[in-house]
Amino acid sequence: MSKKAQNELNKLDEAARAGWMYYVGGKTQDEIAKTLNTSRQSAQRLVALSMSEGLVKVRLEHPIARCMELAQGIKEKFGLTFCEVVPNVDDDPNSTQGLGQAGAAAIERALKFDTPQTIAFGTGRVLRACADELSILHCPQHKIVSLVGNIADNGEATRYDVAVHVADRVKAQHYPMPTPVIASSKSEREVWQQQQHISRIHALAEQADISFVGIGNLGSVSPLYKDGFIGDDELGVLSDSGACGEIISWVFNEEGALIKCDINERVTSFKLKATPEKPVIGVAAGDSKFKAIRGALRSKFLNGLITTERTASALLEI
């Protein structure tokens, strides 16, 4: 697809979004402008475009209509302030196609502010895909902060340190977390976190205007296991403890509660808080991650979610 055709498609997507909010959601043009981070005049033009292109009739005639209905249902069920659902484009139950583009769009909306913003990032393959989809921008007024350590057990920098890639693409200030993802002991973690430069990173994470995190599942396909941060014995202990998922390496069960385990005593990541006042958006999808995503939403560590139509439907069925 050419760049021009992609731009036209993106414009129709925005028009569909604006049309749904106006004609179905009952939002004012001022509210639409705020949600889309654009001017009232642009919101008005998008609503008009949704009509002129035939996207809005008795109901919204666009693939995104079903997704927006699902997003609204997810928001209401889990008490979220933000949810975006992207259409499934194939039958792969674990497909994450489309999440990179949707996540990048959400990140770019945060980057559009002229006033300085502190934007925090977790790690993971899907978030890295979001970073790869970002436009090349010039945002020296913003701070990009890592929520998670970037050093593996062997001293190698992790391949999925998202913050550094985002900062590089948008030319923003970058604040990495120069610690091992999981310390060798609880006492070592305390030593790391007492370091002045590390405590400053945690303070910046605490002040973040918006955060983006991945949601990891547990088991033999767990990123924590596959990337060598935990071994077979630790994986077995976590399974016996009822663990189902992790956010920036903090492990929780199906009800969203952090479990008492050795990993949670050694993880050096910033500790998320339930019902955060500022947006904390999870980006994840797939049948293999279903329990982890559901647990993450129950935890209230997140107040936003970007996922696929298939995963959203499953979350609403139970």
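### A few points about the overall build of the protein
A tally of regular secondary structure across the protein gives 14 helices and 10 strands. Principal-axis analysis of the C-alpha atoms gives the protein an extent of 65 × 45 × 35 Å. Within the protein, the fraction of its 318 residues that count as buried is 49%. Carbon together with sulfur atoms contributes 49% to the accessible area of the protein, which is approximately 15,300 Å² in total. Across the protein, the 36 positively charged side chains and the 39 negatively charged ones have centroids separated by 5 Å.

### Re the packing of helix H2 (residues 29-36) against helix H3 (residues 40-52)
Between two packed helices, both the angle of their axes relative to each other and the distance between the axes serve to describe the pair. Across the interface, H2 lies against H3 with an axial gap of 8 Å and an inter-helix angle of 105°. Classed by the angle they form, the pair H2 and H3 counts as roughly perpendicular. Along its contact with H2, which presents Gln 29, Asp 30, Ile 32, Ala 33 and Leu 36, the element H3 presents Arg 40, Ala 43, Gln 44, Leu 46 and Val 47. Looking at side-chain class alone, the contact of H2 with H3 contains 6 nonpolar, 2 polar and 2 charged residues.

### A closer look at helix H1 (residues 3-24)
An ideal rise of 1.5 Å per residue puts 32 Å on 22 residues; H1 measures up with 31 Å between its terminal C-alpha atoms. Among all positions in H1, only Ala 15, Ala 16, Arg 17, Ala 18, Gly 19, Trp 20 and Met 21 are buried. Tucked into the core, H1 has its buried residues touching H2, H3, helix H4 (64-78) and strand E1 (82-86). Looking at the residues trailing H1, positive phi occurs at Gly 26, about 70°.

### Regarding unusual backbone geometry
Not every positive phi belongs to a glycine, and Lys 171 is a case in point at roughly 55°. Residue classification places Lys 171 among the partly exposed positions, given a relative accessible area of 41%. Within the chain, Ile 248 stands out as a residue other than glycine whose phi angle is a positive 40°.

### Re the sheet that holds strand E7 (residues 243-247)
On the basis of which strands lie adjacent, the open sheet formed by 3 strands has the order E6-E7-E8 and antiparallel pairing. Unpaired on one side and paired on the other, strand E6 (216-217) and strand E8 (250-253) mark the two borders of the sheet. Pairing between E7 and E8: 4 bridges, direction antiparallel. Bridging across to E8, Gly 245 finds its partner in Phe 252.

### Focus: the packing of aromatic side chains
Under the criterion given, the structure shown has 2 aromatic pairs. A centroid spacing of 4.9 Å and a plane angle of 85° characterise the contact between Tyr 22 and Tyr 23, whose relative ring orientation is edge-to-face. A relative accessible area of 33% places Tyr 22 in the partly exposed class. The exposure class assigned to Tyr 23 is partly exposed, which follows from its relative accessible area of 40%.

### Considering the environment of Gly 219
You can see Gly 219 is positioned in the loop between E6 and helix H10 (223-226). Between the C-alpha atoms of Gly 219 and Ser 288, which are 69 residues apart in sequence, the distance is 9.8 Å. Every residue in contact with Gly 219, bar those within four places of it in the chain, is listed here: Tyr 225 and Leu 235.

### Brief notes about the nonpolar core
Among the nonpolar cores identified, the biggest contains 68 residues, and Ile 215, Leu 238, Ile 247 and Leu 305 are the most heavily contacted of them. By residue number, the principal contributor to this core is H4, which donates 7 residues. Residue contacts for Ile 215: discarding those within four places in its chain leaves Glu 246, Phe 252, Gly 282, Val 283, Ala 284, Lys 289, Ala 292, Ile 293, Ala 296, Leu 302 and Leu 305. The next biggest cluster of nonpolar side chains, apart from the first, holds 29 residues, and it includes Ala 104, Ile 119, Val 126 and Val 170.

### Quick word on the sheet that holds E1
Strand order across the open sheet formed by 7 strands is E1-E10-E9-E5-E2-E3-E4, with parallel pairing between neighbours. If you trace the sheet from one side to the other, it starts and ends with E1 and strand E4 (173-175), each paired once. On average, each strand axis in the sheet is inclined to that of its neighbour by 15°, with strand direction left out of account. In this structure, strand E9 (residues 280-283) lies alongside strand E10 (residues 304-308), joined through 3 bridges in parallel fashion.

### Some points on the state of the cysteines
Going through the model one piece at a time under the given rule, you end up with 0 disulfides. This cysteine, Cys 244, is not joined by any disulfide, and Cys 261 carries the nearest cysteine sulfur, 12 Å off. Given the relative accessible area of 11%, Cys 244 is considered buried.

Rules used throughout
Residues numbered from 1 in each chain as written. Predicted model: local features only at pLDDT ≥ 70, side-chain atom pairs only at ≥ 80, totals over all residues. Heavy atoms only, no water. Helix = DSSP H or I, 4+ residues; strand = E, 2+ residues; numbered from the N terminus. Buried < 20%, exposed > 50% of the residue type's maximum accessible area, 1.4 Å probe, protein only. Areas by Shrake-Rupley, 256 points an atom, 1.4 Å probe, with all protein chains shown as cover. Lys, Arg positive; Asp, Glu negative; His and termini not counted. Charge placed at Lys NZ, Arg CZ, Asp CG, Glu CD. Axes fitted to C-alpha atoms, helices over the stretch in contact; angles between N-to-C directions. Parallel < 35°, antiparallel > 145°, perpendicular 65-115°, else oblique. Contact = heavy atoms within 4.5 Å. Nonpolar A, V, L, I, M, F, W, Y, C, P; charged D, E, K, R; others polar. Expected span 1.5 Å × (residues − 1). Pairing = 2+ DSSP bridges. Phe/Tyr/Trp six-rings, centres within 6.5 Å; stacked < 30°, edge-to-face > 60°. Core = buried A, V, L, I, M, F, W, Y, C linked by side-chain atoms within 4.5 Å. Disulfide = S-S within 2.5 Å.

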